[in-house]
Amino acid sequence: MGKSVRELKGVGEKTEKLLNKIGIVDTEDLLRNYPRAYDTFEEPTRICSVKEGTLVSVRVNVVSRVYTGQAGRRALTSVTVADETGRLPVTWYNASYLRGTLKKGSAFVLRGKVSRKKGNLMMEHPDLYTPQAYQELLHSLQPVYALTAGLSNTTMMKLVRQVLGEAEMKTEFLPEDVRARFHLCDFNYALETIHFPKNMTELLTARKRLVFDEFLLFILAVRSLKTQTEAAQNCFPMRPVWTTETVIENLPYTLTSAQRNVWNEIERDLTGHRLMSRLVQGDVGSGKTILAFLAMILTAENGYQAALMVPTEVLAAQHFQALTRLLEDQSLSFCHPVLLTGSCTAREKREIRGTISSGEANLILGTHALIQEKVEYRNLGLVITDEQHRFGVRQREALTTRGNPPHVLVMSATPIPRTLAIILYGDLDISVIDQLPATRLPVKNCVVGTSYRPKAWEFLERQIREGHQAYVICPMVEESEVMEAENVQDYTEKIRESMPPDIVTASLHGKMKAGEKNYIMEEFAAGRIQLLVSTTVVEVGVNVPNATVMMVENSERFGLAQLHQLRGRVGRGEWQSYCIFMYAGEDEETKKRLEILNRSNDGFYIAGEDLKLRGPGDFFGIRQSGDMRFRLADIYNDAEVLKTAGRAAGEILALDQDLSLPQHQILRQQLASYMREDLENNSCNSGTKVVV
Ligand code: ADP
Ligand code: MG
């Protein structure tokens, strides 16, 4: 446990609030808030070779006097600079203090973005260095942290330095021989270097160690739970029932044979002698939800409670509606579902908790509230987690009834190749739904630049006129100074004005209150909202089959896996659906990356191609998203380290099953705190703290 950030020099109430906002409460959080990228300082370029739209450094002399002016509310400070190959005008905003510095003839290195104004290249608001100062930075890597408005990168750097400087260093928790055998650097060195690497080699060394740790702890945690499960008695024996067959029979569709097979596996597990612990993998839209419902119904009919936990309130509410409808359609009167989420009022929570502890409620859906709200279950026989397996595997401990662990089912859309899944979940049983319903038409895709936007909007309008609905995804909630990208608030205004007034447009994002979000999502699901402008909060699991268009703005800012998830929000009904990936800028690499989505609708293929394109070691690429989130590690990119960690875990446990040997004491403590923390922290369900 670190100490509170408030105790650091330079942190007052205001900064503390800002840090808390991005999930940093104590000094340990601060150290583990790894940079999301690194700024590199390259050799300066010559003016004759600078290109529009790029970030460059130039070594120059000031060759004009300083001009000052006004543009709107901004004060302008401009000079012309030159090297032996050309001249370049430069402008700063609200920086009149530079006037004294920019003496004619003086030498600087300027680092900034080159743009074109009235036909000429110019540099806008560059950073200014003396040649000596730049020389010192040259080839260094400066950390870039995820920030929030009001908190600067420099502040973050200073705070991290302060903590690194004064912290009593942590004790190394890996046994010496493991480190030696797997070529891993010291833990404290890694922690310091991930923030302030001197060069790329150092960075890679540090990163490898931290990635190894993440995998190792994860694997050890999964295995230790597995050991407990195996030892645990099955207190929830079940018999097969007819009801599930009837439900399947009466569905408005036929289960695919893949769904059928996986259902058989689940049913066999639940009615077997041992406790179930199974992972079900299936691409978006493969129809995992119905299998969860069937398992819950089976459990309820056997007289036990079943809980389904999901990462967002929107998804919880949606599952609740779908389940309620299913139960009504099929008149299953022995089933009593309840929905428990953070946005229930205190009174509602009390009531729901009451029905759960009395056993009156037997199908329990919700978010983390299911753990956090101190719910007492009467006889919880089955726990299912949807779209979030990091936490899924660990919930048993929190969700046992009087010490009796339940059956566990984990559902995931992350396409982990089987070889890697076996290492990560070594001892979980794995089922794969490798087939989409046959009635589905594959989604049609296009990858286009922003000039296509008016056409895209017309297309949206036509689809809406035909009775369908559409999503537009923007990367940000509101306008920001640090990032140039579309934001939900302004975009909603713009598109609303451009659409005919009878088209109902709404926005959805993470800063809205949970109740508000649910309301918007319900209205959208009911078809009363036709056009939904949203951040990626709709990414996981949302199911509105009537929506046929997904348009993603600034798709260059998202990982392919995440874009694939977003695309999975359409093409869920019987109608032809479309996905428009719009990207800003001219970058060829970006286009090539996005074209992968154009070629395929298969999550496995996309993950593989993405990896090929980025190449191993390229971790500045946009992170994989989905429900398999680590702070640093990326299961695809770091597959080799994952394999190593798998071997190491195997060796450690073979030698010392319960980590009781003296050389494993610190590792054992580390593991205990990792498992505890994973339970506590998962409400933000994300390792990377990117504020959108
Ligand atoms: P996911 O696997 O992404 O969670 P869902 O369970 O949300 O997918 O299912 C997506 C949609 O497909 C839902 O509307 C569901 O009713 C429907 N669906 C599920 N199974 C089938 C099937 N075998 N045939 C047709 N539609 C199906
Ligand atoms: Mg789902």
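Residues numbered from 1 in each chain as written. Chains lettered and ligands numbered in written order. Predicted model: local features only at pLDDT ≥ 70, side-chain atom pairs only at ≥ 80, totals over all residues. Heavy atoms only, no water.

Caption draft 1: The overall build of the protein chain, seen in detail. Summing up its helical and strand segments, the protein chain has 24 helices and 21 strands in all. On the principal axes, the C-alpha backbone points of the protein chain span a range of 90 × 70 × 45 Å. In the protein chain, which comprises 692 residues, the share counted as buried stands at 55%. A separation threshold of at least 6 residues defines the contact pool for the protein chain, and within that pool the share at least 24 residues apart is 72%. Accessible area for the protein chain stands at about 31200 Å²; split by element, carbon and sulfur atoms hold 50% of it. For the protein chain, the distance from the average site of its 82 positive side-chain charges to the average site of its 85 negative ones is 4 Å. (Helix = DSSP H or I, 4+ residues; strand = E, 2+ residues; numbered from the N terminus. Buried < 20%, exposed > 50% of the residue type's maximum accessible area, 1.4 Å probe, protein only. Contact = heavy atoms within 4.5 Å. Areas by Shrake-Rupley, 256 points an atom, 1.4 Å probe, with all protein chains shown as cover. Lys, Arg positive; Asp, Glu negative; His and termini not counted. Charge placed at Lys NZ, Arg CZ, Asp CG, Glu CD.)

Caption draft 2: Region of the structure containing the site of ligand 1. Within the structure, ligand 1 sits among 18 residues, and T254, G285, K288, T289 and R440 are positioned closest to it. Take Q259: an N or O atom from its side chain is 2.9 Å from a nitrogen atom of ligand 1. The separation between an oxygen atom of ligand 1 and a polar main-chain atom of G287 is 3.0 Å. Bound to the protein, ligand 1 loses 87% of the 560 Å² it would expose on its own. (Near = heavy atom within 4 Å. Polar contact = N/O pair within 3.5 Å; in protein donor to acceptor, adjacent residues only side chain to side chain.)

Caption draft 3: Representation of the sheet that holds strand β14 (residues 407-412) in the model. Spatially, β11-β12-β10-β13-β14-β9-β15 is the arrangement adopted by the 7 strands of the open sheet, whose pairing is parallel. The two strands at the open ends of the sheet, each matched to only one other strand, are β11 (337-340) and β15 (429-433). This sheet shows a mean twist of 20° between the axes of neighbouring strands, independent of strand direction. When strand β9 (residues 277-282) meets β15, the two strands line up parallel, connected through 5 bridges. Each bridged residue has a counterpart across the sheet, and for G282 the counterpart in β15 is I433. (Pairing = 2+ DSSP bridges. Axes fitted to C-alpha atoms, helices over the stretch in contact; angles between N-to-C directions.)

Caption draft 4: Seen up close, the sheet that holds strand β18 (residues 505-508). The parallel open sheet is built from 6 strands, whose spatial order is β16-β21-β20-β17-β19-β18. The strands lining the two open edges of the sheet, one partner per strand, are β16 (444-449) and β18. With strand direction ignored, the average angle separating the axes of adjacent strands in the sheet is 15°. When β16 meets strand β21 (residues 578-583), the two strands line up parallel, connected through 6 bridges.

Caption draft 5: Spotlight on helix α1 (residues 13-21). Every buried residue of α1 is accounted for by T15, E16, L18 and L19. Along the axis of α1, the buried residues cluster in a sector spanning 165°; they form a single face. Facing away from the buried side of α1 by over 90 degrees, the exposed positions are E13, K14, K17 and K21. Within two residues after α1, G23 carries a phi angle of roughly 85°, on the positive side. (Arc of directions from axis to C-beta.)

Caption draft 6: Structural context of helix α11 (residues 313-329). The end-to-end C-alpha distance of α11, which contains 17 residues, comes to 24 Å, matching closely the 24 Å that a straight helix rising 1.5 Å per residue would cover. Taken together, the buried positions of α11 are occupied by E313, V314, L315, A316, A317, Q318, H319, L323, L326 and L327. Count one or two residues on from α11 and you reach S331, which has phi positive near 45°. (Expected span 1.5 Å × (residues − 1).)

Caption draft 7: Spotlight on the confidence of the model for the protein chain. When pLDDT is averaged along the protein chain, the result is 86, and 91% of the positions lie at 70 or above. Counted against residues more than four places away or in other chains, residues 616-627, with its pLDDT under 50, gives 43 contacts. (pLDDT = per-residue confidence, 0-100.)

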